[in-house]
Amino acid sequence: MKLREFQIKDMIFLLLVFYPILPTNKYIGMLSLSNIDAMLITALYFCANRSIANVFHYAPFHWLYLIVYALFCLSTATAMTAVSWLCSTFLVSIVLISIIRDEKDIHRCINCLAIGSFLMSIIGLTETATSTYLIQGDLYAGWSDSLRYGWLRCAGSFGHPINFGFFQAIVALILFHQIKTKDLMQKQKWRYILVYCLAVASMMCTVSRLPISFFVVAQSIYILQMGVKKALKYFLIMLLALFGFLIVAEVCGINIFSFIFDFFASVLKLLGISNQIDYSAVKGFGNRVDLYKWVIDAVDSNWIFGKGINATFSYEMTSWFTKTSIEVHYLYIFFKCGVIGLFFLVAGYFSILLFLKKAKRMFSEKEYEKSFIRILSIIIPLYYICLFGVQ
């Protein structure tokens, strides 16, 4: 029985490699590839185990939100939508928490992320180099924003370059933490360094401001926590790397300075300080503020329970363009699930932040520096802030 449990555990970790990177818009029958992977993970675990971790003891509102969203799926969409959501979020999380018994298992989870990131980096960089989408070709056919400054915005298997950029940024930050705090074998360390560099490179090739900003801020915070001397060393390396990147971009005929100019122009527009330049290659970022009014007007009297999971948003901005996306995640949940869903979402996020704060007290100062909680305490709050700019 023990041997069987170990074999199933190995199979679960193999499936976990693909869990975050399988496309959610490619289907076999009624289920997406990511849904099928999640169901296999869940089924395998319960084939060998009958016990599960009591997750409600940790960040209870987070788990309540997942259940509440499933109830919205059941009542406003279909039973299959509810089951696939529960399996892909709630049950997979429980399985993952239940199989992690020690630090070795945490390292195995990180290795799964590293392998997935490596595969996505190869695909993403190939997409940018060949100007061809390898997986999401149908999704991006005719999409006007797929090119920026002459670059194809790589997306890998993800539904949008921004989501791909966030995945690569988060994996890169986790690997950097592993490289700096763990006693890794030389071969393993260089593997992590390679994956880190490829993840950062493919993230940059998404040409997405939010993931890039998220990565730069999170990486800077982590480096500053390492002390003044080490921080100066790493910031110098970052400046040299940036200088090298600018040279390469200039040689390749890429006007990277337009990207920098557009980035600051869009931020100023978001803050209401100035208008985004008309000839900017990156338009629409300033509409995030207007989006609040548009969504609230669209929800109208359905503000308590929202418009439903299957509801679609549309706002006619001009006679030739209708906006159908809601790039603020909190607004997206409000549109679908009303203030009820939004309350449980925000409560779930605060519940996780509170858990991270409590977990920090379990370590001494030296232990905390090497703990996984440290990097999560940087990534998660910044990610929640970024959700004001992406769905």
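Source: prediction; values computed, not measured.

1. Focus: the overall build of the protein
Consideration 1: Counting its regular elements, the protein contains 14 helices and 6 strands.
Consideration 2: Across the 391 residues that make up the protein, the buried fraction comes to 45%.
Consideration 3: The contacts in the protein between residues at least 6 apart in sequence include a share of 66% that link residues at least 24 apart.
Consideration 4: When the accessible surface of the protein is summed, it comes to about 20,900 Å², and 68% of that surface belongs to carbon and sulfur atoms.

2. Some points on the confidence of the model for the protein
Consideration 1: Mean pLDDT for the protein: 86, with 87% of residues reaching 70 or above.
Consideration 2: When the criterion is pLDDT under 50, residues 276–286 qualifies, and its contacts beyond four places in sequence or with other chains add up to 23 contacts.

3. With respect to a nonpolar patch on the surface
Consideration 1: Taken together, the side chains of L14, F18, I115, F118, L119, I122 and L194 present a nonpolar region at the surface, about 590 Å² in accessible area.
Consideration 2: Elements with a contribution of two residues or more to the nonpolar patch: α1 (2–18) and α5 (103–130).
Consideration 3: The biggest single contributor to the nonpolar patch is α5, with 4 residues.
Consideration 4: In this fold, I115 is placed in helix α5.
Consideration 5: Its relative accessible area of 44% is what places I115 among the partly exposed residues.

4. Digging into the packing of helix α6 (residues 161–181) against helix α14 (residues 372–386)
Consideration 1: In the contact formed by α6 and α14, the axes pass within 10 Å of each other and the chain directions differ by 160°. Looking at the two axes, α6 sits roughly antiparallel to α14. Taken as a pair, α6 and α14 cross one another with a handedness that is right-handed. Counted together, F166, I170, L173, I174, H177 and T181 of α6 and F372, R374, I375, I379, Y383 and C386 of α14 form the full contact between these two elements.
Consideration 2: Each residue belonging to the contact of α6 with α14 can be placed in one class, and the counts come to 9 nonpolar, 2 polar and 1 charged.

5. Focus: the packing of aromatic side chains
Consideration 1: This structure, assessed with the given rule, holds 21 aromatic pairs.
Consideration 2: Between the aromatic rings of F176 and Y196, the centroid separation amounts to 5.8 Å while the plane-to-plane angle is 40°, which identifies the pairing as tilted. Taken together, the residues span a long stretch of sequence, with F176 in helix α6 and Y196 in helix α7 (residues 186–204) at a distance of 20 residues. Residues F176 and Y196 agree in their burial class; the two are buried.
Consideration 3: When the ring of Y196 is compared with that of F215, the centres are 6.4 Å apart and the planes differ by 50°; the resulting orientation is tilted. Of this pair, Y196 sits in helix α7 while F215 sits in helix α8 (residues 209–224), and the two are 19 residues apart along the sequence.
Consideration 4: The exposure class of Y196 is buried, given its relative accessible area of 17%.
Consideration 5: Look at F215 and you get buried, because its relative accessible area is 8%.
Consideration 6: Over the face of the ring belonging to Y234 we find K233, whose NZ or CZ atom lies 5.5 Å from the ring centre.
Consideration 7: Here the basic side chain of R374 rests over the ring of Y222, its NZ or CZ set 4.0 Å away from the ring centre.

6. Some thoughts on the pairing of strand β5 (residues 315–318)
Consideration 1: Of the strand pairs in this sheet, β5 and strand β6 (residues 321–323) are connected by 3 bridges, and their pairing is antiparallel. Note that in β6 the partner of E316 across the bridge is T322.
Consideration 2: The antiparallel pairing of β5 with β6 creates a hairpin that spans 2 residues between the two strands.

7. Section: helix α2 (residues 33–48)
Consideration 1: A rise of 1.5 Å per residue sets the reference length of α2, with its 16 residues, at 22 Å; its end C-alpha atoms lie 24 Å apart and thus fit the reference within 8%.
Consideration 2: Burial in α2 covers these residues: S34, N35, D37, A38, I41, T42, L44, Y45 and A48.

8. Some thoughts on α8
Consideration 1: Here α8 contains 16 residues, and its C-alpha end-to-end distance of 22 Å stays within 8% of the 22 Å for a straight helix at 1.5 Å per residue.
Consideration 2: If you check which residues of α8 are buried, you get R209, L210, P211, I212, F214, F215, A218, Q219, S220, Y222 and I223.

9. Quick look at a positive patch on the surface
Consideration 1: Together, K180, K189, K230 and K233 line one region of the surface with positive charge.
Consideration 2: By secondary structure assignment, the location of K189 is in helix α7.
Consideration 3: Classification of K189 as partly exposed rests on a relative accessible area of 31%.

10. Points about the nonpolar core
Consideration 1: Among the nonpolar cores identified, the biggest contains 85 residues, and F214, F215, L291, V295 and I326 are the most heavily contacted of them.
Consideration 2: At 13 residues, helix α12 (residues 329–360) tops the list of elements feeding residues into this core.
Consideration 3: When sequence neighbours within four positions are dropped, the list of residues in contact with F215 reads A169, A172, L173, Y196, V200 and M203.
Consideration 4: Among the nonpolar cores identified, the runner-up in size contains 14 residues, and I8, F13, L16 and L44 belong to it.

11. Re unusual backbone geometry
Consideration 1: The residue A59 is not glycine, and still its phi comes out positive at about 45°.
Consideration 2: Counting through the fold element by element, A59 comes out in the loop between α2 and α3 (60–76).
Consideration 3: Judged by its relative accessible area of 10%, A59 is buried.
Consideration 4: For V207, which is not glycine, the phi torsion reads 50° and is therefore positive.
Consideration 5: With respect to the helices and strands, V207 occurs in the loop between α7 and α8.

What counts, and where the lines are drawn
Residues numbered from 1 in each chain as written. Predicted model: local features only at pLDDT ≥ 70, side-chain atom pairs only at ≥ 80, totals over all residues. Heavy atoms only, no water. Helix = DSSP H or I, 4+ residues; strand = E, 2+ residues; numbered from the N terminus. Buried < 20%, exposed > 50% of the residue type's maximum accessible area, 1.4 Å probe, protein only. Contact = heavy atoms within 4.5 Å. Areas by Shrake-Rupley, 256 points an atom, 1.4 Å probe, with all protein chains shown as cover. pLDDT = per-residue confidence, 0-100. Patch = residues over 30% accessible without salt bridge, like charges linked within 9 Å, V, L, I, M, F, W, Y side chains within 5 Å. Salt bridge = Lys/Arg side-chain N within 4 Å of Asp/Glu carboxyl O. Axes fitted to C-alpha atoms, helices over the stretch in contact; angles between N-to-C directions. Parallel < 35°, antiparallel > 145°, perpendicular 65-115°, else oblique. Left-handed = near helix turned anticlockwise from the far one by under 90°. Nonpolar A, V, L, I, M, F, W, Y, C, P; charged D, E, K, R; others polar. Phe/Tyr/Trp six-rings, centres within 6.5 Å; stacked < 30°, edge-to-face > 60°. Lys NZ or Arg CZ within 6 Å of the ring centre and 35° of its normal. Pairing = 2+ DSSP bridges. Expected span 1.5 Å × (residues − 1). Lys, Arg positive; Asp, Glu negative; His and termini not counted. Charge placed at Lys NZ, Arg CZ, Asp CG, Glu CD. Core = buried A, V, L, I, M, F, W, Y, C linked by side-chain atoms within 4.5 Å.

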